[in-house]
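# Coordinates in review
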Amino acid sequence: TFMFLAAAVVLWPARLGGATSFVVVAGQSMEPTYHTGDVLLVRDRGHPQPGDIAVYRSTNGSIVDEHLVVHRVLGRTHDGRYTFQGDNRATADDDHPASRDIVGRPVANLGPLPSDLLAILPRFLAALVSVAVTIRLWPDEPKGRDEVYPIVGT
């Protein structure tokens, strides 16, 4: 029970008041550090310092289209906002997120396996349901002749 409780505390999602998020990398801006499909375990770990990799909420000026960005901290501006840049980029990001926009820092790269498993999950579940329905609807074994037409003594 202690292990389960410890895992629950560590992995409790940020959306439910915890400090853990899972982020799927999309794009090449952080190669070779992270690759498309990598799943990152992200924890809220205070204020990132220059050189740290962090995840921030970006809207690129749009209130409707919010997305998460995984980039390296270059520094902070005079008004306390962060400057980020992808490892595979020549220039800094246009966004300058505030501290409230920082989601956290990656603490583990789970690789592409979780993404791959989630991609095949619908097909697996469909196959499982198909097998269950087939088993349920499969006709019973035919009964022997004596069971279908009992022989009555003459």
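Residues numbered from 1 in each chain as written. Predicted model: local features only at pLDDT ≥ 70, side-chain atom pairs only at ≥ 80, totals over all residues. Heavy atoms only, no water.

### Quick look at the layout of surface pockets
Its volume calculated, the largest pocket comes out at about 360 Å³. Contributing to the lining of the largest pocket are 20 residues, with Ser29, Val69, Val70, His71 and Arg89 lying nearest its centre. Mapped by element, the contributors of at least two residues to the lining of the largest pocket are strand 1 (20-24), strand 3 (53-58) and strand 4 (67-76). At five residues, strand 4 tops the list of elements feeding residues into the lining of the largest pocket. A class-by-class count of the residues in the lining of the largest pocket yields ten nonpolar, six polar and four charged. (1 Å grid on protein atoms, 1.4 Å probe; cavity = no way out; pocket = protein on both sides within 12 Å on 5 of 7 lines; lining within 4 Å. Points joined across faces, edges and corners; volume = space filled by probe spheres on them. Helix = DSSP H or I, 4+ residues; strand = E, 2+ residues; numbered from the N terminus. Nonpolar A, V, L, I, M, F, W, Y, C, P; charged D, E, K, R; others polar.)

### Some thoughts on the packing of aromatic side chains
If you walk through the whole model with that rule in mind, you get two aromatic pairs. With 6.1 Å between their ring centres and 45 degrees between their planes, tyrosine 82 and phenylalanine 84 make a pair best called tilted. A relative accessible area of 0% means that tyrosine 82 is categorised as buried. Given a relative accessible area of 0%, phenylalanine 84 falls into the buried group. These aromatic residues form a ring-pair network of at least three members: Tyr56, Tyr82 and Phe84. Lying across the ring of tyrosine 82, arginine 76 places its NZ or CZ 4.2 Å from the centre. (Phe/Tyr/Trp six-rings, centres within 6.5 Å; stacked < 30°, edge-to-face > 60°. Buried < 20%, exposed > 50% of the residue type's maximum accessible area, 1.4 Å probe, protein only. Lys NZ or Arg CZ within 6 Å of the ring centre and 35° of its normal.)

### Here we look at helix 2 (residues 113-137)
Relative to the 36 Å expected for 25 residues at 1.5 Å per residue, helix 2 spans 35 Å between its end C-alpha atoms, a close match to the ideal helical length. Taken as a whole, helix 2 carries its principal kink of about 40 degrees at leucine 121; the proline proline 122 stands between one and four residues after it. (Expected span 1.5 Å × (residues − 1). Bend = angle between axes of the 7 residues up to and from the residue.)

### Overview of the pairing of strand 3
It is a general feature of regular strands that their side chains alternate between the two faces of the sheet. Counting buried positions along strand 3 gives five out of six residues, so the element sits mostly inside the fold. Strand direction decides the pairing type here: strand 3 and strand 4, joined by six bridges, are antiparallel. In the strand pairing of strand 4, tyrosine 56 is matched with valine 69. When strand 3 meets strand 6 (residues 102-109), the two strands line up antiparallel, connected through two bridges. Considered in strand 6, the bridge of tyrosine 56 is made with isoleucine 102. (Pairing = 2+ DSSP bridges.)

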